[in-house]
Amino acid sequence: MEDGNTTTPFLDSDQDDILNGSSIPQAPEGFKSGFIAIIGRPNVGKSTLMNQLVGQKIAITSPVAQTTRNRLRGILTTPEAQMIFVDTPGIHKPHHQLGKVLVQNAQIAIDSVDVVLFVVDGTVESGGGDRFIVELLTHTQTPVILGINKSDEQPPDSQRLDESYAQLAAPNNWKFTKFSALTGDGLEALQQLLIDHLESGPYYYPPDLVTDQPERFIMGELIREQILLLTREEVPHSVAVTIDIVEEDPKITRILATIHVERDSQKGIVIGKGGGMLKQIGSAAREQMQKLIAGKVYLELFVKVVPKWRQSRLQLSEFGYRVEE
Ligand code: GDP
Ligand code: MG
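Moving on: the overall build of the protein chain. Helix and strand counts for the protein chain stand at eleven helices and nine strands. Here the protein chain holds 325 residues, and 51% of them are scored as buried. Surface exposure of the protein chain reaches about 15,400 Å², of which carbon and sulfur atoms provide 48%.

Another aspect to go through is the pairing of strand β4 (residues 115-121). Counting buried positions over the seven residues of β4 gives seven, a clear majority of the element. By the alternation rule, side chains of β4 split into Val115, Leu117, Val119 and Asp121 and Val116, Phe118 and Val120, which are all buried. Pairing geometry for strand β1 (residues 32-39) and β4, over four bridges, is parallel. The residue bridging isoleucine 38 from the neighbouring strand is leucine 117, located in β4. As paired elements, β4 and strand β5 (residues 144-149) share six bridges and run parallel to each other. Counted as the bridge partner of valine 120 is isoleucine 148 from β5. Remark: the β4/helix α5 (residues 128-137)/β5 crossover connection has right-handed handedness.

This part is about the pattern of salt bridges. By the definition in use, this model includes seven salt bridges. The salt bridge partner of glutamate 247 is arginine 254, with a shortest N-O separation of 2.8 Å. Given a relative accessible area of 40%, glutamate 247 falls into the partly exposed group. Counted as one network, the salt bridges with shared partners bring together Glu125, Asp157 and Arg160.

Take the confidence of the model for the protein chain next. Caution is warranted with low-pLDDT regions, since their predicted coordinates should not be read in detail. With 78% of its residues at a pLDDT of 70 or more, the protein chain has an overall mean of 82. Predicted confidence is poor over residues 1-9, with pLDDT under 50, and the contacts of this stretch with residues over four places away or in other chains come to twelve contacts. When the criterion is pLDDT under 50, residues 11-22 qualifies, and its contacts beyond four places in sequence or with other chains add up to 15 contacts.

Not every one of the 17 residues close to ligand 1 is listed here, only the nearest: Asn43, Gly45, Lys46, Thr48 and Asp152. Residue aspartate 152 places a side-chain N or O atom 2.7 Å away from a nitrogen atom belonging to ligand 1. Within the backbone of leucine 182, a nitrogen or oxygen atom sits 3.1 Å from an oxygen atom of ligand 1. Sort the elements by how many residues they give to the shell around ligand 1 and helix α3 (residues 46-54) lands first, with three residues. Its residues assigned to classes, the shell around ligand 1 comprises five nonpolar, eight polar and four charged.

Moving on to the sheet that holds strand β8 (residues 253-261). Strand order in the open sheet formed by three strands is β7-β8-β9, and the pairing between neighbours is mixed. Lying at the two open borders of the sheet, with one neighbouring strand each, are β7 (240-248) and β9 (297-305). Sheet twist, expressed as the mean angle between neighbouring strand axes with direction ignored, is 15°. The sheet contact formed by β7 and β8 spans eight bridges and is antiparallel.

With that out of the way, let us pick up the environment of glycine 30. Relative to the assigned elements, glycine 30 resides in the loop between α2 (16-19) and β1. In this structure glycine 30 comes out as exposed when scored by relative accessible area, which is 56%. Linking glycine 30 and glutamate 80, residues 50 residues apart in sequence, is a C-alpha distance of 7.7 Å.

Relative orientation of the contacting elements helix α8 (residues 215-231) and helix α10 (residues 276-293) amounts to 140°, with a least axis distance of 9 Å. Between α8 and α10, the crossing angle belongs to the class labelled oblique. When the axes of α8 and α10 are compared, the crossing they make is right-handed. Contact residues: Glu215, Ile218, Met219, Leu222, Ile223, Gln226, Ile227, Leu230 and Thr231 in α8; Met277, Gln280, Ile281, Ala284, Ala285, Gln288, Met289, Leu292 and Ile293 in α10. The residue makeup of the contact of α8 with α10, split by class, is 13 nonpolar, four polar and one charged.

About the cut-offs
- The numbering scheme is per chain: residues are counted from 1 as the chain's sequence reads.
- Written order determines the labels here, with chains lettered from A and ligands numbered from 1.
- Local features are withheld for residues below a pLDDT of 70 in this predicted model, meaning they are given only at 70 or higher, and side-chain atom pairs are given and counted only at 80 or more; totals for whole chains, interfaces and linings count all residues.
- With hydrogens and water excluded, all non-hydrogen atoms of the structure serve as input to the side-chain values.
- Secondary structure counts use DSSP, requiring at least four H or I residues in a row for a helix and at least two E residues in a row for a strand, with both numbered from the N terminus.
- Per-residue accessibility, obtained with a 1.4 Å probe over protein chains only, is compared with the maximum for each type, and a residue is labelled buried under 20%, exposed over 50%, and partly exposed between these values.
- Surface exposure here means Shrake-Rupley accessible area, sampled with a 1.4 Å probe, where a residue is shielded only by the protein chains that are shown.
- By definition, two strands form a pair when at least two bridges between them are found by DSSP.
- Every crossover in which the path from the first strand over the helix to the second runs clockwise, viewed with the strands pointing away from the viewer, is termed right-handed.
- We define a salt bridge as a contact between a side-chain nitrogen of Lys or Arg and a carboxyl oxygen of Asp or Glu at a distance within 4 Å.
- Every residue is assigned a pLDDT by the predictor, reflecting its confidence on a scale from 0 to 100.
- Residue contacts are counted whenever heavy atoms from the two residues lie within 4.5 Å of one another.
- Only heavy atoms are used to decide nearness, and a residue is near a molecule or strand if one of them lies within 4 Å of it.
- As used in this structure description, the phrase polar contact means that two N or O atoms lie within 3.5 Å; if the pair is within protein, one of them must be able to donate a hydrogen and the other to accept it, and residues adjacent in sequence are counted only when both atoms belong to side chains.
- Polarity classes work like this: nonpolar for Ala, Val, Leu, Ile, Met, Phe, Trp, Tyr, Cys and Pro, charged for Asp, Glu, Lys and Arg, and polar for all others, with Gly in that last group.
- To obtain an axis, a line is fitted to C-alpha atoms, over the contacting stretch when the element is a helix, and the angle between two such axes runs from 0 to 180 degrees between their N-to-C directions.
- The labels follow the angle: roughly parallel below 35 degrees, roughly antiparallel above 145, roughly perpendicular from 65 to 115, and oblique for the rest.
- Left-handed describes a crossing whose near helix is turned anticlockwise from the far helix through less than a right angle; right-handed describes the clockwise counterpart.

This is the structure we're talking about:
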């Protein structure tokens with residue numbers, strides 16, 4: 001059996017060792033590397049794509065829009081290149097403090113990467129939401145690739161849809177390619193296109209690492225994912241999860257986590273009748289966590305009301321969201 005402690009390709013909470021470079025090899029002649037921002041409207045499949053590209057579930061996904069909050073990096077290393085994907089929240093017009101932070105983060109991501117991968121939903125025609133993003137992208141020097149996702153679910157008259165996206169790409173001379181993040185179809189061609197757009201560069205991370213986020217962060221995300229999936233529309237996105245204690249035993253990993261909500265009513269929904277909902281959330285999240293660490297997990301969840309956390313920049317950063325000035 002695998003020992004989750006030594007083989008798990010995640011950073012430990014002490015990231016310094018790895019980032020100091022001791023385990024990063026010298027890149028061979030002609031090796032390419034760079035940072036690729038995955039941007040697009042909510043729900044087009046950005047997180048699904050990142051997970052499929054790195055071959056492991058690191059970003060949470062759901063049919064509910066706005067699942068991804070923080071900037072999360074996924075790392076794919078091949079013999080010829082290292083691609084570091086930056087998963088951004090879906091871009092939309094901001095309504096509150098969290099919304100503003102999300103759009104700001106996306107803008108910063110666009111300008112600070114080597115390539116932008118603009119993902120669109122190939123099952124629907126290009127629309128206003130895409131144009132808002134095109135607007136953001138025309139102001140950047142960064143090369144852009146348009147990725148038409150969900151090819152597996154395109155209707156028979158898909159040509160009409162593809163054409164609407166070709167028209168989006170044409171004025172800026174963006175290359176475009178079609179794929180399915182769900183089935184993996186077309187992703188090799190996408191990878192090649194991305195590598196073609198990268199310059200020579202070093203290994204930024206050890207070749208076997210799939211994300212820059214500590215395991216704790218991913219664990220919190222796995223809990224948040226189950227809350228979004230199981231409570232659906234009832235609990236909006238006013239949920240944050242902190243992992244308070246991780247105790248590793250040779251036989252079992254004991255995890256204590258707190259779910260922070262904004263209102264008493266949401267607390268009620270998350271806990272559910274007789275604690276039923278919280279139990280469901282816990283057991284589904286526990287299963288995902290066991291896959292992540294390849295070992296047994298004991299999970300205990302608490303629910304806490306923190307009024308208006310989304311309005312507060314301080315709270316946002318305490319919950320681990322990157323708040324840019
Ligand atoms: P994000 O908000 O852009 O990160 O989107 P997610 O990755 O969370 O995906 C949103 C929804 O679209 C989820 O229900 C995914 O399963 C679904 N999805 C993502 N990629 C594909 C795809 O290639 N084909 C199909 N049919 N569904 C997809
Ligand atoms: Mg996402």
